[in-house]
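One-letter residues, chain by chain:
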Amino acid sequence: ILAAVAIPNLMTITRRSQEGADIANVKILNDATAAYCSMHSIAPDQAFDGLSTDAARMQALISDGLLIAIPSPQENGVSFAWSADSAAWAVVGAG
């Protein structure tokens, strides 16, 4: 009986911690992008003009020393995606 209660709780705690890590990574991406825009004197909605993939956008942040590495989503089935419309990074996918 104890296992029947403990296992679902552990799964919920794990999922919530993964979601929290992904949200923290998106904040880091958004902060790095704000710094990138400031360094290059460009508007946020034009931050990554000419870069067609999110990996290339993240690499631009790495090249300018604003990220150490491309962050990996912790939750299964999600990714980090840039939206020029909202000029922000977001977690997209399952959730």
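Look above for the structure.
Computed from a predicted structure; not experimentally measured.

Calculation rules
Residues numbered from 1 in each chain as written. Predicted model: local features only at pLDDT ≥ 70, side-chain atom pairs only at ≥ 80, totals over all residues. Heavy atoms only, no water. Core = buried A, V, L, I, M, F, W, Y, C linked by side-chain atoms within 4.5 Å. Buried < 20%, exposed > 50% of the residue type's maximum accessible area, 1.4 Å probe, protein only. Helix = DSSP H or I, 4+ residues; strand = E, 2+ residues; numbered from the N terminus. Salt bridge = Lys/Arg side-chain N within 4 Å of Asp/Glu carboxyl O. Phe/Tyr/Trp six-rings, centres within 6.5 Å; stacked < 30°, edge-to-face > 60°.

Q: Could you give me a rundown of the nonpolar core, with the residues and numbers involved?
A: Core analysis: the largest hydrophobic core is formed by 14 residues, its most contacted members being Leu29, Phe48, Leu61, Phe80 and Trp89. Looking at this core, the elements with two or more residues in it are α1 (2-40), α2 (54-63) and β1 (78-83). Top contributing element to this core by residue count: α1, with five residues.

Q: So what's going on with the pattern of salt bridges? Which residues, and what values?
A: Within the structure shown, the criterion is met by three salt bridges. For Arg15, the salt bridge identified is with Glu19, shortest N-O distance 2.9 Å. With a gap of four residues between them, Arg15 and Glu19 both fall in helix α1, about one helical turn apart. Residue Asp54 is joined to Arg57 by a salt bridge in which the shortest nitrogen-to-oxygen separation is 2.8 Å. Pair noted here: Asp54 and Arg57 are both in helix α2, with a separation of three residues, about one helical turn. Under the relative-accessibility criterion, Asp54 is labelled partly exposed at 21%. Judged by relative accessible area, which is 13%, Arg57 ranks as buried.

Q: So what about the environment of Gly77? Which residues, and what values?
A: Checked against the element boundaries, Gly77 lands in the loop between α2 and β1. For Gly77, a relative accessible area of 59% gives the class exposed. Placed 15 residues apart in sequence, Gly77 and Val92 show a C-alpha to C-alpha distance of 8.6 Å.

Q: Quick rundown of unusual backbone geometry? Include the residues and the values.
A: Positive phi, close to 50°, is recorded for Ser41, a residue that is not glycine. In this fold, Ser41 is placed in the loop between α1 and α2. With a phi angle near 50°, Ala87 is a residue other than glycine that sits in the positive phi range. Locating Ala87 in the fold gives a position in the loop between β1 and β2 (88-93). On the basis of relative accessibility, which here comes to 26%, the residue Ala87 falls in the partly exposed class.

Q: How would you explain the packing of aromatic side chains if you had to name every residue and give the values?
A: Evaluation of the coordinates by the stated rule reveals four aromatic pairs. With a centroid separation of 5.9 Å and an interplanar angle of 65°, the aromatic rings of Phe48 and Trp89 are classed as edge-to-face. Of this pair, Phe48 sits in the loop between α1 and α2 while Trp89 sits in strand β2; the two residues are 41 residues apart in sequence, bridging distant segments of the chain. The same class applies to Phe48 as to Trp89, namely buried. Cluster of aromatic residues (ring-pair linked, three or more members): Tyr36, Phe48, Trp82 and Trp89.

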